[in-house]
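Summary of the model geometry
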Amino acid sequence: MDFFRWVNLFIFIFNCFLTITPIFSNSNAIPNFLDLAKEPQVFDWMVDIRRKIHENPEVAYEEFETSKLIREKLDELGIPYKHPVAVTGVVGYIGTGLPPFVALRADMDALLMQELVEWEHKSKVAGKMHACGHDAHVAMLLGAAKILKDHEKDFNGTFVLVFQPAEEGSAGAKKVLDSGVLENVSAIFGLHMHPNLPLGEVASRSGPLFAGSGNFEAIISGKGGHAALPQHSIDPTLAASNVILSLQHIVSRESDPLDPQVLSVAKFQGGAALNVIPDSVIIGGTFRVFSRKSFLQMRHRIEQVIIAQAAVYRCNATVSFLEEEKPLIPPTVNNGDLHDYFQSVAKSLLGADKVKGIELIMGSEDFALYQEVLPGYFFLLGMEDVSVEHLAMAHSPYYKVNEDSLPYGAALHASLAVNYLAKLHQEVARVEEKYHDEL
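Residues numbered from 1 in each chain as written. Predicted model: local features only at pLDDT ≥ 70, side-chain atom pairs only at ≥ 80, totals over all residues. Heavy atoms only, no water.

1. Quick look at the overall build of the chain
- When its secondary structure is counted, the chain shows 11 helices and 16 strands.
- Projected onto its principal axes, the C-alpha positions of the chain cover 85 × 65 × 40 Å.
- Out of the 439 residues in the chain, the part that is buried amounts to 52%.
- Taking as baseline every contact in the chain between residues at least 6 positions apart, the subset at least 24 positions apart corresponds to 81%.
- Taking the 36 positively charged and 54 negatively charged side chains of the chain as two groups, their mean positions are separated by 3 Å. (Helix = DSSP H or I, 4+ residues; strand = E, 2+ residues; numbered from the N terminus. Buried < 20%, exposed > 50% of the residue type's maximum accessible area, 1.4 Å probe, protein only. Contact = heavy atoms within 4.5 Å. Lys, Arg positive; Asp, Glu negative; His and termini not counted. Charge placed at Lys NZ, Arg CZ, Asp CG, Glu CD.)

2. Here's the deal with the pairing of strand S1 (residues 81–85)
- Pairing between S1 and strand S2 (residues 89–95): 3 bridges, direction antiparallel. Residue pairing in the sheet places Tyr81 in a bridge with Gly92 of S2.
- Hairpin connection between S1 and S2: a loop of 3 residues separates the two successive antiparallel strands, and Ala86 in this loop has a positive phi of roughly 55 degrees. (Pairing = 2+ DSSP bridges.)

3. Side note on the sheet that holds strand S10 (residues 262–269)
- An order of S10-S12-S8-S13 is seen for the 4 strands of this open sheet, with the pairing classed as antiparallel. The sheet terminates laterally at S10 and strand S13 (316–320), the two strands that pair on one side only. Within this sheet the neighbouring strands show an average axis-to-axis angle of 20 degrees, counted without direction.
- Both strand S8 (residues 212–221) and S13 contribute to a ladder of 5 bridges, which runs antiparallel. (Axes fitted to C-alpha atoms, helices over the stretch in contact; angles between N-to-C directions.)

4. A look at the pattern of salt bridges
- Overall, the coordinates contain 19 salt bridges when judged by the stated rule.
- In this structure, the salt-bridge partner of Asp107 is Arg105, at a minimum N-O distance of 3.7 Å.
- Across the pair Glu152 and Lys149 runs a salt bridge whose closest N-O atoms are separated by 2.7 Å.
- By relative accessible area, Lys149 is classed as partly exposed at 21%.
- Through salt bridges with shared partners, a single network forms among Arg50, Arg51, Asp135 and Glu403. (Salt bridge = Lys/Arg side-chain N within 4 Å of Asp/Glu carboxyl O.)

5. A look at the nonpolar core
- Within the largest apolar cluster, 73 residues are counted, with the highest numbers of intra-cluster contacts made by Phe159, Phe163, Phe189 and Val202.
- Per-element tally for this core: the top contributor is helix H11 (residues 406–438), with 12 residues.
- With residues near it in sequence (within four places) discarded, Phe159 still touches Gly92, Tyr93, Ile94, Val102, Leu148, Ala417, Val418 and Leu421.
- Membership of the second largest hydrophobic core comes to 27 residues, among which are Val85, Val91, Val185 and Leu374. (Core = buried A, V, L, I, M, F, W, Y, C linked by side-chain atoms within 4.5 Å.)

6. Considerations on the layout of surface pockets
- Counted as a void, the largest pocket has a volume near 830 Å³.
- If you go around the largest pocket, you meet 26 residues; those closest to its centre are Glu168, Arg288, Gly363, Ser364 and His395.
- Sorting elements by how many residues they give to the lining of the largest pocket places strand S5 (residues 185–198) first, with 4 residues.
- If you add up the space inside the second largest pocket, you get close to 460 Å³.
- Lining the second largest pocket are 21 residues, and of these Ala171, Lys174, Pro327, Leu328 and Leu369 lie nearest its centre.
- Elements supplying a minimum of two residues to the lining of the second largest pocket: helix H6 (172–179) and helix H8 (292–312).
- Split by residue class, the lining of the second largest pocket holds 11 nonpolar, 1 polar and 9 charged. (1 Å grid on protein atoms, 1.4 Å probe; cavity = no way out; pocket = protein on both sides within 12 Å on 5 of 7 lines; lining within 4 Å. Points joined across faces, edges and corners; volume = space filled by probe spheres on them. Nonpolar A, V, L, I, M, F, W, Y, C, P; charged D, E, K, R; others polar.)

Written as structure tokens, this is what we have:
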């Protein structure tokens with residue numbers, strides 16, 4: 001009976017993985033994708049794409065022209081795709097269409113801010129700007145697609161190219177997941193430009209990388225009246241002021257000092273007249289944490305403190321976490337095995353001295369939503385050349401992209417994808433050998 005059980009198990013495993021034996025079964029056979037990405041026909045192509053997107057920034061779920069450009073470039077390369085995904089998103093496919101599936105992701109939305117950089121390809125849309133490098137992210141993933149398509153015959157398996165809308169606070173990743181396009185994907189990789197990391201370097205870490213984030217807004221209601229007669233009013237301004245002070249104690253007095261957390265109140269809206277106590281005041285802000293436990297605790301205490309402190313001053317309060325408008329984003333947590341894998345691939349491509357560690361980052365990234373359902377890895381790509389200039393941080397109206405970084409991103413995308421197929425092939429070979437020996 002045991003003999004037949006092992007035979008059936010072997011046949012099952014063999015059939016499941018028959019289609020995933022890549023020709024690139026070892027790293028020696030894999031081309032140097034960085035050299036390929038630096039060739040003019042790839043580099044200049046990426047630069048042109050990036051500048052076109054930069055000139056025409058589009059915000060969350062409005063990336064119609066960006067999506068159209070992506071589809072035009074995929075058509076040009078002969079790469080099939082699904083559209084629309086998550087309203088404006090595009091998901092391309094390179095390879096056999098069969099497993100294993102390895103995904104690469106680029107976000108594509110811009111920000112609501114006026115560009116103050118004066119250059120030939122400045123944003124043509126008033127009040128909108130690519131100030132977080134998403135134009136470059138799209139260009140690099142298309143560059144990787146161009147390289148991978150040229151070598152499509154050399155591997156068995158499928159690369160899934162995810163051009164994702166609405167990363168900036170709108171959790172476009174959730175809509176991508178809900179669409180089902182990432183079912184059966186073995187791993188997903190993503191990157192982000194870093195203006196203060198040297199050109200040609202990358203940085204990341206195992207475990208938590210970016211914080212989880214949430215937003216809140218509270219309406220504190222009292223009774224308005226003449227400011228000269230406060231005894232006839234119930235002052236929501238005073239209540240809101242004390243609410244803000246009390247909220248700061250959540251981090252300073254209640255959280256573990258070794259567990260980084262931030263709670264910031266950034267919005268305070270009251271009356272319009274200098275001599276009128278308003279009926280209500282609106283406050284709002286954001287909070288950042290690195291674990292689900294801390295996330296739930298922070299959310300609970302924000303609501304509890306606001307309502308209780310408002311009551312001390314005879315006011316009522318309602319609290320919203322704005323989940324429809326700005327969904328809660330969990331911490332970005334890099335898979336430990338993928339961290340070791342990334343280190344190996346990046347060091348081989350760039351050199352061991354170009355692969356750095358990094359401290360925890362209080363910003364958030366909706367790539368975390370992918371990591372909650374499948375193995376995922378996110379890293380930062382350097383682009384600063386101090387001999388030329390110091391670059392502004394992301395979300396600045398003076399933000400710039402050093403386009404010399406584009407080949408590095410494209411090459412890393414391609415190398416991570418192809419090497420991962422080779423890794424899966426080697427793992428399958430070991431499994432088959434194990435069961436062959438046991439039979």
